[in-house]
Amino acid sequence: MSETAEQRPNDWHARTYANVLAWWVPKIAIIAALFIAVPLRVAVWTIALLWMGTACLLNARRCGRTHCRYTGPFYLAMILPVLVLGFNQGSASICAWLALALLIVCGGWAIQSKTERAWGRYSA
């Protein structure tokens, strides 16, 4: 079986239910929270990023999924700009929030795509 076709049974990313729960639900929550008040948005985004970052790090540890080693810290680091925008409510426009949402969602996808293309689906 080739490296790209390999799939490990303990990989949450490869299991539909776990993937939806760990990453798609939080991403949908981030997008949906664009339409609520800023303090609640900050709370939803922080929880979603903490959830996804933790899931990535745990998945990397469980099965060695390459991109999870990088997306986990990325999602956790994205909590900082969320808090900065949230505490600067008066100066942060919806455009800034949209840009950050785009960075979070597309950044995670880009990291996944580039790392697995360069180093394979699983490492170590």
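The structure under discussion appears in the preceding block.
The following refers to the structure shown. (Residues numbered from 1 in each chain as written. Predicted model: local features only at pLDDT ≥ 70, side-chain atom pairs only at ≥ 80, totals over all residues. Heavy atoms only, no water.)

Examining the overall build of the protein chain
Rules: Each helix is a run of DSSP H or I of at least 4 residues and each strand a run of E of at least 2, with the numbering of both proceeding from the N terminus. Relative accessible area decides the class of each residue, using a 1.4 Å probe on protein chains only: under 20% of the type maximum gives buried, over 50% gives exposed, and in between gives partly exposed. Should any heavy atoms of two residues lie within 4.5 Å, those residues are considered in contact.
Helix and strand content of the protein chain: five helices and zero strands. Taken from the N to the C terminus, the helices and strands of the protein chain come in the order α-α-α-α-α. Once the C-alpha set of the protein chain is aligned to its principal axes, its extents read approximately 55 × 25 × 20 Å. Scored against the burial criterion, the 124 residues of the protein chain give a buried share of 40%. Of all intrachain contacts in the protein chain linking residues separated by at least 6 positions in sequence, the fraction that spans at least 24 positions is 70%.

Structural notes on helix H5 (residues 94-119)
As a reminder, the rule being used: For a helix, the expected span equals 1.5 Å multiplied by the residue count minus one.
The first and last C-alpha atoms of H5 sit 37 Å apart over 26 residues, in line with the 38 Å expected at 1.5 Å per residue. Every buried residue of H5 is accounted for by Trp97, Leu100, Ala101, Ile104, Gly107, Gly108, Ser113, Thr115 and Glu116. The secondary structure elements touched by the buried residues of H5 are helix H1 (16-32), helix H2 (38-63), helix H3 (68-77) and helix H4 (79-87). Immediately downstream of H5, the backbone of Gly120 shows phi near 90 degrees, a positive value.

Some details on the state of the cysteines
This is how the line gets drawn: Sulfur atoms of two cysteines make up a disulfide when they are within 2.5 Å.
One pass over the structure, following the stated rule, counts zero disulfides. This cysteine, Cys68, is not joined by any disulfide, and Cys56 carries the nearest cysteine sulfur, 4.4 Å off. Cys106 supplies the cysteine sulfur nearest to Cys95, a cysteine that is in no disulfide, at a spacing of 16 Å.

Side note on the packing of H3 against H5
What counts here: To obtain each axis, a line is fitted to C-alpha atoms, and for helices this fit is confined to the stretch in contact; angles are then taken between N-to-C directions over 0 to 180 degrees. Orientation categories follow fixed angle ranges, with anything under 35 degrees roughly parallel, anything over 145 roughly antiparallel, 65 to 115 roughly perpendicular, and all other angles oblique. For a crossing to be left-handed, the near helix must be turned anticlockwise from the far one by less than a right angle; the clockwise case is right-handed.
At their nearest, the axes of H3 and H5 sit 9 Å apart, and the two run at 160 degrees to each other. It follows from the interaxial angle that H3 and H5 lie roughly antiparallel. Read as a crossing pair, H3 and H5 show a hand that is right-handed. Contacts from Tyr70, Thr71, Phe74 and Tyr75 of H3 reach H5 at Leu103, Ile104, Gly107, Gly108, Ile111, Gln112, Thr115 and Trp119.

Describing the packing of aromatic side chains
Applied cut-off: Think of it this way: a Phe, Tyr or Trp ring, Trp meaning its six-membered ring, pairs with another when their centres are within 6.5 Å, and the plane angle makes it stacked under 30 degrees, edge-to-face over 60, tilted otherwise. Throughout this description, the term charge over a ring refers to an Arg CZ or Lys NZ atom that lies within 6 Å of the ring centre and within 35 degrees of the ring normal.
Counted under the stated rule, the structure contains three aromatic pairs. Geometrically, the ring pair formed by Trp45 and Trp97 is edge-to-face, given 5.1 Å between the ring centres and 85 degrees between the ring planes. Here Trp97 lies in helix H5 and Trp45 lies in helix H2, a separation of 52 residues in the sequence. Exposure class is identical for Trp45 and Trp97. Each is buried. Above the ring of Trp24, the side-chain terminus of Lys27 is found at 5.1 Å from the ring centroid. Sitting over the face of the ring of Tyr122, Arg65 holds its NZ or CZ atom 5.6 Å from the ring centroid.

Some thoughts on the side chain of Arg41
Operational definition: All tallies of charge rest on Lys and Arg as positive and Asp and Glu as negative; His and the ends of each chain are not included. Salt bridge criterion: a side-chain nitrogen from Lys or Arg within 4 Å of a carboxyl oxygen from Asp or Glu. Nitrogen and oxygen atoms within 3.5 Å of one another constitute a polar contact, given that in protein one can donate a hydrogen and the other can accept it, and given that sequence-neighbouring residues count only through two side-chain atoms.
Note that Arg41 resides in helix H2. This buried residue, Arg41, is left without a salt bridge; Glu116 holds the nearest opposite charge, at 30 Å. Separated by 3.0 Å, the side chain of Arg41 and the backbone oxygen of Ala33 make a polar contact. Not counting the four nearest positions on each side in its chain, Arg41 is found in contact with Ala33, Leu34, Ile36, Ile94 and Trp97.

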